[in-house]
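Below are the chains, spelled out letter by letter.
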Amino acid sequence: MRTVALDAATLEKLISAAVAAPSIHNTQPWHYRLDPDTLTLAVRAASERTLPCADPAGRALHVSIGAAVLNLRVAVARHGWRPVVRMLPDPADPALLATVRLADAARSAGPHRKELYEALWRRRSSRFPFTGHPVPEPVRAELAEAAHTEGATLRFPAPDEVARLLALTAKGERRDAADAARRAETRDWVSGPGGGGLGLAAGTLGPQDARGRVPVRDFTGARRTGMLPSRLFEPRPLLAVLSTPHDRRVDWLRAGQALEHVLLLATVHRVRASLLHQALEWPDLRGALGGAERPARHVQMLVRLGYGPPGPAGARLPVQAVLDTARTGSRAPHSYTVPAGQQRG
Ligand SMILES: Cc1cc2nc3c(=O)[nH]c(=O)nc-3n(C[C@H](O)[C@H](O)[C@H](O)COP(=O)(O)O)c2cc1C
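Residues numbered from 1 in each chain as written. Predicted model: local features only at pLDDT ≥ 70, side-chain atom pairs only at ≥ 80, totals over all residues.

Q: Got a minute to help me understand the site of the ligand in this structure?
A: Around the ligand sit 21 residues in total, of which Pro22, Asn26, Ser125, His277 and Gly314 are the nearest. Of all the secondary structure elements, the ones that give two or more residues to the shell around the ligand are α2 (59–78) and β8 (272–276). The leading source of residues in the shell around the ligand is α2, at 4 residues. Considered class by class, the residues forming the shell around the ligand number 8 nonpolar, 10 polar and 3 charged. (Near = placed C-beta within 6 Å. Helix = DSSP H or I, 4+ residues; strand = E, 2+ residues; numbered from the N terminus. Nonpolar A, V, L, I, M, F, W, Y, C, P; charged D, E, K, R; others polar.)

Rendered as structure tokens:
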């Protein structure tokens, strides 16, 4: 056994990195806890920050937590450990979605480690019009490869298919607007229920497309009546479809990691992204997104990509609100004794 220091500042940095991940409606549906004996971070679902109307099965919650796990992996690697991830490690504890053990760094954590780490602090959703300047093929290939390494597929459909996907998204948006319970649930997350670092501040939302081609989510249901003037969006939007071969909880977690890997890499290349999830929240529309693709795959996200202004920084909960300090006591620096073979490299 050797003594390895995991000081409070580093622990706080790791959790801040996880919290910087995207989450549906910025619900940040996660809790973290460090087991100091094994240097293992547990990532749990926060049952108090869910969306029962839009996400009854918790798929989007799992995708969000998967994104946070990817950030944790990147940050853990950047701080000199090798992240060892177990998804859904305890069938008797379904709220425990993942554990990330900080193991020795004998093996490389993959390419772009430093760049991805830097990007995770800069990545933001950009709901603004993009320039229409094409994203070069080698960049698209890199994004697809990133999704592939996480067990997902990212494809870039042709313009006809993009039009079909946008039409399904617009249909989801119309259904959301007509559904009083969903409307109320979504509105609750604009500016956050009670603020305090949760939800979407009005300034992060962006305008509607004056041509109506790009159905950017109208979180408030009120912007058409004048909250933000409409703007012209890019006439030929670039969409990427993220999908998985199966549709189990573990696939949702993989999809979240793939999504965040893609978004961070896009950020490295100064490519902006926003997510179009409305159709995925209606089972029949989600099924239709898959189209005639064979073998059938389960669509987990539509990502709009392009060049344009960065999105404004979204609010985040403070680390203290999501880090369970019952055993970790994050105030003072700690030295934890870990078994040989788990030390920091
Ligand atoms: C599963 C999931 C679904 C999302 N759906 C949408 C969406 O439909 N429209 C949208 O504009 N943003 C969507 N987002 C982005 C979140 O609103 C965003 O990540 C959150 O507000 C935090 O802001 P940031 O991405 O700028 O850090 C989604 C994110 C996740 C993880």
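Q: Please clarify how the nonpolar core should be interpreted in this entry.
A: Counting 79 residues, the largest nonpolar core has Val43, Leu72, Leu242 and Val262 as its most contacted members. Looking at this core element by element, the count peaks at 13 residues for α2. Of the domains in this structure, domain 1 (2–122 + 315–338) and domain 2 (137–306) are the two that each give at least three residues to this core. (Core = buried A, V, L, I, M, F, W, Y, C linked by C-beta atoms within 7 Å. Buried ≥ 20, exposed ≤ 12 C-beta atoms within 10 Å, placed from the backbone. Domains from an automatic or database assignment.)

Q: Help me understand the packing of α2 against helix α3 (residues 113–122), please; the structure alone is not making it clear to me.
A: The packing of two helices is summarised by the inter-axis angle and the distance between the axes. Interaxial distance between α2 and α3 falls to 9 Å at its minimum, and their mutual angle equals 125°. With respect to α3, the axis of α2 lies oblique. When the axes of α2 and α3 are compared, the crossing they make is left-handed. Residues Asn71, Val74, Ala75, Ala77 and Arg78 of α2 form the contact with α3, whose own contacting residues are Arg113, Lys114, Leu116, Tyr117 and Leu120. Among the residues forming the contact of α2 with α3, the class breakdown is 6 nonpolar, 1 polar and 3 charged. (Axes fitted to C-alpha atoms, helices over the stretch in contact; angles between N-to-C directions. Parallel < 35°, antiparallel > 145°, perpendicular 65-115°, else oblique. Left-handed = near helix turned anticlockwise from the far one by under 90°. Contact = placed C-beta atoms within 7 Å.)

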